[in-house]
Amino acid sequence: MNNIVRCFTYTFLITMILSCVKDSKSVEETSDLITITNEQFAGEGMQLGKIESQVFKLFVKCNATVVPLPGGLARISAPVSGPVKAILVQQGQSVAKNQILLEVNGNEIIEIQKEYVDAAAQFNRLKNNYERVKLLYAEKVITEKEFINAESDFLSAQANYISLRLRVETLGLSVSNIENGSFYTSYFIKSPIDGNISRMSAHLGSYVNQETTLVEVADPKSFQLELSVYPGDIAKLAKGQSVMFRPVDDLCEYQAYLSSVGVSVDENSKSILCYASINTNKSFNPVANQYVESEIIIGSDTVLALPSDAVVKSENKSYVLSLQNKTDINIAFKQVEVKTNRQLNGLIEIIGDAPTGDILIKGAYNIVH
């Protein structure tokens with residue numbers, strides 16, 4: 001009887017142990033699932049999605065600066081020295097070609113007009129003398145030496161007269177008025193191009209000369225991108241490739257087209273300068289010498305990708321939450337390791353084996369962490 005009781009007791013204990021082991025295995029089998037409520041899923045704005053094919057552009061990143069074409073930037077100085085009498089424009093103002101920017105006066109402008117009048121009188125006198133001597137020489141009345149001297153004096157006076165006339169006309173002054181004795185006390189400085197006032201260094205009453213840049217006018221329509229490309233990337237580039245760029249403080253992205261590929265390395269930057277024409281179809285207000293972030297598009301790939309928010313990184317590994325079960329009350333996910341590659345525009349490339357079902361594409365970080 002005791003043996004039977006003892007045998008029954010052993011059998012009961014073994015059954016209990018096996019049951020505990022089974023329950024333990026059941027816990028282990030389900031311990032890798034992450035369960036949340038439907039209320040939590042909706043309250044935190046979580047979303048499900050799948051790994052899908054996406055087009056990833058291949059590009060070369062480079063630094064870029066907005067620069068004008070050679071004829072798109074004018075640095076204007078005073079052709080004749082003198083104090084600034086009036087400033088008729090201001091920083092940032094849009095101006096047209098030949099629009100008056102400044103007025104400059106002073107003794108030098110009066111002195112130039114006096115020199116011109118003297119040169120005009122000298123020219124007319126020597127011209128009449130030359131024509132008279134020319135006739136006398138033709139009639140053999142005077143020697144060849146006398147004729148050559150008269151001709152030389154005339155040509156010298158003519159050169160001086162023409163140079164001063166051109167200088168006066170460049171200042172926008174009427175030569176006929178000056179020859180008749182109506183002198184100007186000042187002259188105007190005008191813009192040589194259409195554009196915007198990008199820099200103004202003139203001040204009322206300040207003395208200016210040809211070495212001083214008074215106004216800088218830049219034409220936004222002539223702006224282009226100057227790209228600094230590393231020599232190792234230059235073989236990937238070709239004229240006509242699309243260039244995407246974004247100013248540092250601008251959320252919008254703009255487009256340009258590669259117009260010139262450099263062939264020599266800049267000694268200072270150790271890079272090759274290339275240029276891109278800005279696409280003016282999009283609203284962009286460029287500023288000369290403005291720094292922008294840029295990418296030259298050299299091709300494209302079709303890859304499998306997920307939104308970047310779907311991937312959680314932990315201990316140098318990447319994971320996604322794969323949907324395992326969904327009821328009226330709870331939703332269960334399994335943490336699955338994935339291999340990632342490139343990122344572009346909020347997407348991340350998934351390489352190798354990857355889950356095929358629904359993935360938690362928004363809110364994964366809140367659950368795992």
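All figures in this text were calculated on a predicted structure; none of them were measured in a lab. (Residues numbered from 1 in each chain as written. Predicted model: local features only at pLDDT ≥ 70, side-chain atom pairs only at ≥ 80, totals over all residues. Heavy atoms only, no water.)

**Student:** Help me understand the pattern of salt bridges, please; the structure alone is not making it clear to me.
**Tutor:** Applying the stated rule across the entire model yields twelve salt bridges. Salt-bridge contacts for Asp-358 lead to Lys-50; the nearest nitrogen and oxygen are separated by 3.0 Å. Of this pair, Asp-358 sits in the loop between strand 20 (347–351) and strand 21 (359–362) while Lys-50 sits in the loop between strand 2 (47–49) and strand 3 (52–68), and the two are 308 residues apart along the sequence. Given a relative accessible area of 42%, Lys-50 falls into the partly exposed group. Across the salt bridge formed by Arg-342 and Asp-301, the nearest N and O atoms sit 3.6 Å from each other. Of this pair, Arg-342 sits in strand 19 (residues 330–344) while Asp-301 is found in strand 16 (residues 291–307), placing the two residues 41 residues apart along the sequence. A relative accessible area of 26% places Arg-342 in the partly exposed class. The network of salt bridges with common partners includes Arg-75, Arg-199 and Glu-216. (Salt bridge = Lys/Arg side-chain N within 4 Å of Asp/Glu carboxyl O. Helix = DSSP H or I, 4+ residues; strand = E, 2+ residues; numbered from the N terminus. Buried < 20%, exposed > 50% of the residue type's maximum accessible area, 1.4 Å probe, protein only.)

**Student:** Would you take a moment to explain the state of the cysteines for this structure?
**Tutor:** Covalent bonding between the sulfur atoms of two cysteines is what defines a disulfide. Summed over the entire model, instances satisfying the criterion amount to zero disulfides. In this structure Cys-274 is a free cysteine whose sulfur lies 7.7 Å from that of Cys-62, the closest cysteine sulfur available. Residue classification places Cys-274 among the buried positions, given a relative accessible area of 0%. (Disulfide = S-S within 2.5 Å.)

**Student:** I tried to follow unusual backbone geometry on my own but got confused; where do I start?
**Tutor:** Glycine aside, residues mostly have negative phi angles, and peptide bonds mostly take the trans form. Of note, the phi angle at Lys-270 is positive, near 60°, even though the residue is not glycine. By the secondary structure assignment, Lys-270 is in the loop between strand 14 (254–260) and strand 15 (272–278). Given a relative accessible area of 55%, Lys-270 falls into the exposed group. One non-glycine residue, Asn-345, adopts positive backbone phi at about 50°. Positionally, Asn-345 belongs in the loop between strand 19 and strand 20. Taking relative accessible area as the criterion, Asn-345 reaches 71% and is therefore assigned exposed.

**Student:** Got a minute to help me understand the nonpolar core in this structure?
**Tutor:** Note on soluble globular proteins: their nonpolar side chains tend to be buried together. Membership of the largest hydrophobic core comes to 38 residues, with the highest contact counts inside it found for Leu-101, Tyr-187, Ile-189 and Leu-214. With eight residues, helix 3 (residues 107–138) is the single largest residue contributor to this core. Those residues in contact with Leu-101 that lie beyond four places of it in its chain are Ile-76, Ala-86, Ile-87, Leu-88, Val-89, Val-95, Ile-189, Lys-190, Ser-191, Ile-197 and Val-215. Ranked by size, the runner-up nonpolar core spans 23 residues in total, among them Val-60, Val-243, Tyr-254 and Ala-256. (Core = buried A, V, L, I, M, F, W, Y, C linked by side-chain atoms within 4.5 Å. Contact = heavy atoms within 4.5 Å.)

**Student:** Where do I start with the sheet that holds strand 9 (residues 195–200) in this structure?
**Tutor:** Backbone hydrogen bonds are what pair the strands of a sheet, in a parallel or an antiparallel way. On the basis of which strands lie adjacent, the open sheet formed by four strands has the order 4-11-9-6 and antiparallel pairing. The outermost strands of the open sheet, each flanked by one partner alone, are strand 4 (73–77) and strand 6 (94–95). In this structure, strand 4 lies alongside strand 11 (residues 213–218), joined through five bridges in antiparallel fashion. Its bridge partner being in strand 11, Leu-73 is matched across the sheet by Ala-218. (Pairing = 2+ DSSP bridges.)

Read these as layout, nothing more, since geometry by itself doesn't imply function.
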